Amino acid sequence: MAGTALVLGGGGLTGIGWEVGVLAGLAEAGLDLADADVVIGTSAGSIVGAHLTSRHHTVEELYAHQLAAPEKSASATRMGPAALARFAAIALRSRDTASFGARMGKLALGARTVTEAEQRTVIARTLNLTDWPARRLVVTAVDAATGERTAFDDTSGVPLLDAVGASCAVPGIYPPVTIDGTRWIDGGVHSSANADVAAGYARVVVVAPMAASGGPIAGPRAQGEQLARRGARVCVLTPDRAARSAFGRNVLDPAKRADAARAGRRQAAAHVARIRQVWSD
């Protein structure tokens, strides 16, 4: 067992802001987690992970972008407590992660959303990257038909844009992404962070905007504990009360992104020592 893994979980636009804020706060304290041997991204975390591993921008530049006012054309897609409660209810009725994934896939395939092409344009604009980064990035997604999770990387033969788009395809909100005839939905359907993908790495930091779990779905803390039992040094960071308040009631509201980023940066300061113990040799 060797190496370092940074796990970035899902959580909408506020999740992106909070994760970037956390990473900026840690970098300010001398902890650059972008040096991880692997970055594992789910949904929002796949976008942050792609930017982080591409090294086209510093963490501070990514943070400054989160503080910028949203474009005037940016409107808030609704994903609030009601949608999350609906997902949780489906999870509680599912016997395992695959059956939950298949049920969520059915929901996604039957939902009225923007077209794949329209959503791909949005992801392309958000990502502003075309190639897989040189540093190792893993992006999770779920097969809409079988409910099984996969992990895309630069060896998968899948364009980065499609992998990230699939990982961000929230059922009922955005359309599934078609890759070689298979429809894919949000990796967060399997787990909000998918920290178990980091198995085999000696030092793991999990930054997870969504800490909740339910039914067969394991939360980031439970997955972190499992990694620790296998011998890894693990730190799981989830939003504190102030951060959750900053998120508001709609994680896809671009107007809340800056508040979430500031909350993440403030929260990071309180966890520097704990994360340094995990991350340092």
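Residues numbered from 1 in each chain as written. Predicted model: local features only at pLDDT ≥ 70, side-chain atom pairs only at ≥ 80, totals over all residues. Heavy atoms only, no water.

### Thoughts on the pairing of strand β4 (residues 149-152)
As paired elements, strand β3 (residues 137-143) and β4 share four bridges and run antiparallel to each other. Looking at the pairing, Val-142 lines up with Arg-149 of β4. In this structure, the hairpin formed by β3 and β4 is closed by a connection of five residues, where Gly-147 is found at a positive phi of approximately 80°. (Pairing = 2+ DSSP bridges. Helix = DSSP H or I, 4+ residues; strand = E, 2+ residues; numbered from the N terminus.)

### Side note on helix α4 (residues 81-92)
Three or four residues apart is the spacing at which side chains of an α-helix point the same way, because the helix has 3.6 residues per turn. Compared with an ideal rise of 1.5 Å per residue, which puts 12 residues at 16 Å, α4 spans 16 Å between its outermost C-alpha atoms and is within 8% of the ideal. The complete set of buried residues in α4 reads Phe-87, Ile-90 and Ala-91. An end-on view of α4 places all buried positions within 105° of arc, on one side of the element. More than 90 degrees from the buried face of α4, the exposed residues found are Ala-82, Arg-86 and Leu-92. Those residues of α4 that are buried lie in contact with α5 (97-110). (Expected span 1.5 Å × (residues − 1). Buried < 20%, exposed > 50% of the residue type's maximum accessible area, 1.4 Å probe, protein only. Arc of directions from axis to C-beta. Contact = heavy atoms within 4.5 Å.)

### Considerations on the pairing of strand β7 (residues 203-207)
Across the five residues that make up β7, a large majority, five, are buried. Covered by surrounding structure in β7 are Arg-203, Val-205 and Val-207 together with Val-204 and Val-206, the residues of both alternating faces. Pairing geometry for strand β1 (residues 4-8) and β7, over five bridges, is parallel. The partner of Thr-4 across the bridge, within β7, is Arg-203.

### Describing the side chain of His-51
Within the fold, His-51 resides in helix α2 (residues 44-54). With sequence-adjacent residues up to four places away left out, His-51 is seen in contact with Leu-62, Thr-126, Leu-127 and Leu-129.

### Some details on the packing of helix α1 (residues 12-28) against helix α3 (residues 59-67)
Where α1 meets α3, the axes come as close as 9 Å, and the angle between the chain directions of the two elements is 145°. The two elements α1 and α3 meet at a crossing, and its hand is left-handed. Counted together, Ile-16, Gly-17, Val-20, Gly-21, Leu-23 and Ala-24 of α1 and Val-59, Glu-60, Leu-62, Tyr-63 and Gln-66 of α3 form the full contact between these two elements. Classifying every residue of the contact of α1 with α3 by side-chain character gives seven nonpolar, three polar and one charged. (Axes fitted to C-alpha atoms, helices over the stretch in contact; angles between N-to-C directions. Left-handed = near helix turned anticlockwise from the far one by under 90°. Nonpolar A, V, L, I, M, F, W, Y, C, P; charged D, E, K, R; others polar.)

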